[in-house]
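# Survey of secondary and tertiary structure
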Amino acid sequence: MPEGHTIHRAARLQSKRFVGTELRVSSPQGRFDEGASLLDVHAVTEIDAWGKHLFYRWDHGHTLHVHLGLFGKFRIHADDPPPPTDGTRLRMVSERGTLYLSGPTDCRVIDPEEEDRIVSDLGPDPLRKKTHVSAVEHIETYLGRRTVPIGAALLDQSVICGIGNVYRAEILFRLGINPHIESRRLEAGDVQRIWDESVTQLRLGERNGRIVTTEPEDVGRRRRSDIARGERTYVYKRRGEPCRRCGTEIERADMKGRKIWWCPSCQP
Ligand SMILES: [Zn+2]
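Residues numbered from 1 in each chain as written. Predicted model: local features only at pLDDT ≥ 70, side-chain atom pairs only at ≥ 80, totals over all residues. Heavy atoms only, no water.

A few words on the overall build of the protein. The helix and strand tally for the protein stands at seven helices and ten strands. Projected onto its principal axes, the C-alpha coordinates of the protein cover approximately 60 × 40 × 30 Å. In the protein, which comprises 268 residues, the share counted as buried stands at 52%. Contacts in the protein between residues at least 24 apart in sequence constitute 60% of all its contacts with a sequence separation of at least 6. Within the structure as shown, the protein displays about 13,200 Å² of accessible surface, and the carbon and sulfur contribution to it stands at 45%. Side-chain charges of the protein comprise 43 positive and 39 negative groups, with the mean position of each set lying 5 Å from the other. (Helix = DSSP H or I, 4+ residues; strand = E, 2+ residues; numbered from the N terminus. Buried < 20%, exposed > 50% of the residue type's maximum accessible area, 1.4 Å probe, protein only. Contact = heavy atoms within 4.5 Å. Areas by Shrake-Rupley, 256 points an atom, 1.4 Å probe, with all protein chains shown as cover. Lys, Arg positive; Asp, Glu negative; His and termini not counted. Charge placed at Lys NZ, Arg CZ, Asp CG, Glu CD.)

We now examine the environment of D156. The residue D156 is located in the loop between helix 5 (150-153) and helix 6 (165-175) in this model. In this structure D156 comes out as partly exposed when scored by relative accessible area, which is 26%. Here the alpha-carbon distance between D156 and R207, two residues 51 residues apart in the chain, equals 24 Å. At 2.6 Å, the side chain of D156 and the side chain of S158 are in polar contact. (Polar contact = N/O pair within 3.5 Å; in protein donor to acceptor, adjacent residues only side chain to side chain.)

Those residues of helix 3 (residues 112-120) lying buried are E114, E115, I118 and V119. One side of helix 3 holds all its buried residues, which, seen down the axis, span an arc of 130°. Set apart from the buried face of helix 3 by more than 90 degrees, the exposed residues are P112, E113, D116 and S120. Looking at the packing, one finds that the buried side of helix 3 touches strand 2 (42-50), strand 3 (53-58), strand 4 (63-67) and strand 8 (106-110). (Arc of directions from axis to C-beta.)

Attention now goes to the pattern of salt bridges. Per the stated rule, a full pass over the model turns up 19 salt bridges. For the salt bridge of E182 with R185, the shortest nitrogen-to-oxygen distance reads 3.6 Å. Classification of E182 as partly exposed rests on a relative accessible area of 25%. Note that D226 and R223 form a salt bridge whose closest N and O atoms lie 3.6 Å from each other. (Salt bridge = Lys/Arg side-chain N within 4 Å of Asp/Glu carboxyl O.)

To continue, consider the nonpolar core. Core analysis: the biggest nonpolar cluster contains 38 residues, and L143, I150 and I194 have the highest contact counts within it. Listing elements by their share of this core, those giving two or more residues are helix 4 (132-143), helix 5, helix 6, helix 7 (190-208) and strand 10 (258-262). A total of seven residues in this core trace back to one element, the largest contributor, which is helix 6. Apart from residues lying up to four places away in sequence, L143 is in contact with I150, A153, V159, S183, R184, L186 and V191. One finds A36, L39, V44 and F74 within the second-largest nonpolar core, a separate group that totals 24 residues. (Core = buried A, V, L, I, M, F, W, Y, C linked by side-chain atoms within 4.5 Å.)

Let us look at the pairing of strand 9 (residues 251-255). Summarising the sheet, strand 9 and strand 10 pair through five bridges and their orientation is antiparallel. Bridge pairing links A253 to I260 in strand 10. Hairpin remark: strand 9 followed by strand 10, antiparallel, with two residues in the connecting loop; positive phi at K256, about 50°. (Pairing = 2+ DSSP bridges.)

Right, let's talk about helix 6 for a bit. Most of helix 6 sits out of view: ten of its eleven residues are buried. Restricting attention to buried positions, one finds in helix 6 the residues N165, V166, Y167, R168, A169, E170, I171, L172, F173 and L175. Where helix 6 is buried, its residues meet helix 1 (4-18), helix 5, helix 7, strand 9 and strand 10. A positive backbone phi angle near 70° is found at G176, which sits one or two residues after helix 6.

Shape is all these values report; function is a separate question.
Below, the structure is given as structure tokens:
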């Protein structure tokens, strides 16, 4: 599933092509015909990302909500787009490009009340500057009495939003926090460290368009840009392989239906 950095990057890059200009909107697949007809020949004024949610605000007051879920995918073509596939739910065309969206969990025109409801269920987003002030307090309040393991809590979008399976494992590794620790038993300052690390890592991911959490020196490289494909994570999908810092075998477990990886030595 795309994590928050992908969604924020999509908002930033799509804004350049689709904001402020009249769009042709259609649904080649047909499942979004009604919504598309509400939006066709109008302009988007803003594309806003919140965690894994995208909100496209239109000049006539409508909002399009998109959540990619597990299988959703955007394809952007600067010019000469290929014909849409059978599964293309949404097509948006401006003079600066064509967007195809297929397989989203959600692609609907929503009213302001529904947008409020979606956003109010979300915890602070490390990629939204305005949420930073009380973010740590929010997360601490939420986790303060919870027995849920911190590894699972980080996937709960109402605690902190935008973190998915890769980042949760990697952030906890980088901080030396064992994913099985009960949230309420975190040490003082841990929530602040988790928040700060989330901001750092998701920003890097947003800028680069991919998740690279390893430091060059830990994978025998001199520069971040030299890090190879198989060297981008410390623990994610590395069960049985040696820890990049201490050589201990990386472990894996099921945690509330999702797999989590950790180093038993670096994350005691
Ligand atoms: Zn280790």
